[in-house]
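An overview of the molecular structure
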Amino acid sequence: MAKDRPEVELWFRSYFGEPCESTWVSEREERRKELAEMQKDVGQCLGSTRAEQRRLQRELEQSRSGLVRRAATTVARGNEAIGLAASVEAELRQVLNL
């Protein structure tokens, strides 16, 4: 009887629509392979996302430093223009007071 048990179990499971142990094992193995492939894809996507993040961070830093340089130049030119306007104003006052 113990010898026939696997056959009886197989017949019983197939009769009532229950998958047998080997089917469960193969389904789990297939699912494990799918999950491993998904994990690989996610890892690749994560790697490319991190590379893109680093690229964008460098681009942001370059833009920020360029903006700081332009702001400093603008302030210097503004101060120069204020000084020039003050000297022109002083010169005009001298001319008008004569």
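In this report, the structure presented in the accompanying data block is examined.

**A word on the overall build of the protein**
Secondary structure assignment for the protein yields two helices and zero strands. Considering only C-alpha atoms, the protein reaches an extent of 130 × 20 × 15 Å along its principal axes.

**Examining helix 1 (residues 5-15)**
Of all eleven residues that make up helix 1, one are buried, and the element is exposed over most of its length. Following helix 1 by one or two positions, Gly-17 has its phi on the positive side, about 75°.

**Focus: the environment of Gln-94**
By the secondary structure assignment, Gln-94 is in helix 2 (residues 21-97). A residue is classified by how much of its surface remains accessible, and Gln-94, at 58% relative accessible area, is exposed. Separated by 86 residues in sequence, Gln-94 and Val-8 have C-alpha atoms that sit 119 Å apart.

**Topic: the environment of Asp-41**
Note that Asp-41 resides in helix 2. By relative accessible area, Asp-41 is classed as partly exposed at 39%. The spatial distance from the C-alpha of Asp-41 to the C-alpha of Ala-90 is 73 Å, given a sequence separation of 49 residues.

The rules behind these values
Residues numbered from 1 in each chain as written. Predicted model: local features only at pLDDT ≥ 70, side-chain atom pairs only at ≥ 80, totals over all residues. Heavy atoms only, no water. Helix = DSSP H or I, 4+ residues; strand = E, 2+ residues; numbered from the N terminus. Buried < 20%, exposed > 50% of the residue type's maximum accessible area, 1.4 Å probe, protein only.

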